[in-house]
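Below, each chain spelled out in residue letters.
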Amino acid sequence: LNHPPRHEETVMNDFIHPTATAAHHDAWRSAANHAGHLTVLVLDDEHVHVSSSEAGQSPRAMTLPMGRARSARTWLRHTPPRQREFEMAMEPIEDDITRMLPVLTPRSMLVTDSPAIQEIASLIQDTDKPLTFLSRADVDALFGELGAVVAGRPPRIAGIPEDNSFAMGLLILREFMHHLDFPTL
């Protein structure tokens, strides 16, 4: 397999309008009763949006064209994905995620209301209730189950949806938390 093309389309403070980003941050600050540093992650089918701010400052934002469905279309040819193609998707995902570092506020609280991440959380928490807390270890454990599926275990046995968009969403979330050093969500 050849390496898939890198995503070249990067939008900073344009795709997410700065005023909307600030309003979203304000809403999160209020809902989380959090006055400190804050990072908001939104994972959808076509993009990953991140905005981050220090307390009392306007947020910085970045959008990358590597959402879960887009990434699945780009890198995965089989359902469930084969081990080699899944491994080939990891490196460009990692590279794109590390491009978000300049936008992030160090030691910030990571939050989300993304339905894609809520779906992941519902499998980890085994509940339909909204996400309240998710650790990197929780995400790693579910990622381990996905790894078993990629290696040939039936998805039903692993409790993983047989959906490549889900697989890429979990990969993106895991790499985001690992490479950008977020221990919790």
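Everything that follows concerns the structure shown earlier in this document.
Remember, it's a predicted structure, so these values are computed and weren't measured experimentally. (Residues numbered from 1 in each chain as written. Predicted model: local features only at pLDDT ≥ 70, side-chain atom pairs only at ≥ 80, totals over all residues. Heavy atoms only, no water.)

Undergrad: With reference to specific residues and values, describe the sheet that holds strand 4 (residues 109-111).
TA: Strand order in the open sheet formed by four strands is 3-2-1-4, with mixed pairing between adjacent strands. The open sheet has two free edges, formed respectively by strand 3 (60-64) and strand 4, since each of these has just one partner strand. When strand polarity is set aside, the average angle formed by the axes of neighbouring strands in this sheet is 15 degrees. Inspection of the sheet shows strand 1 (residues 38-43) paired to strand 4 by three bridges, in the parallel sense. When the bridges of strand 4 are listed, L38 appears paired with M109. Here helix 7 (residues 164-179) sits on the sheet in contact with strand 1, strand 2 (48-53) and strand 4, set at roughly 160 degrees to strand 1. (Pairing = 2+ DSSP bridges. Helix = DSSP H or I, 4+ residues; strand = E, 2+ residues; numbered from the N terminus. Axes fitted to C-alpha atoms, helices over the stretch in contact; angles between N-to-C directions. Contact = heavy atoms within 4.5 Å.)

Undergrad: Give me the nonpolar core: which residues, what numbers.
TA: Membership of the largest hydrophobic core comes to 44 residues, with the highest contact counts inside it found for F86, M168, L173 and F176. Secondary-structure elements contributing two or more residues to this core are strand 1, strand 2, strand 3, helix 2 (68-75), helix 3 (83-98), helix 4 (115-125), helix 5 (136-150) and helix 7. Ranked by residue count, the leading element in this core is helix 7, at nine residues. Contacts of M168, omitting those with residues within four sequence positions, involve R68, S71, A72, W75, L76, F86, A89 and I93. (Core = buried A, V, L, I, M, F, W, Y, C linked by side-chain atoms within 4.5 Å. Buried < 20%, exposed > 50% of the residue type's maximum accessible area, 1.4 Å probe, protein only.)

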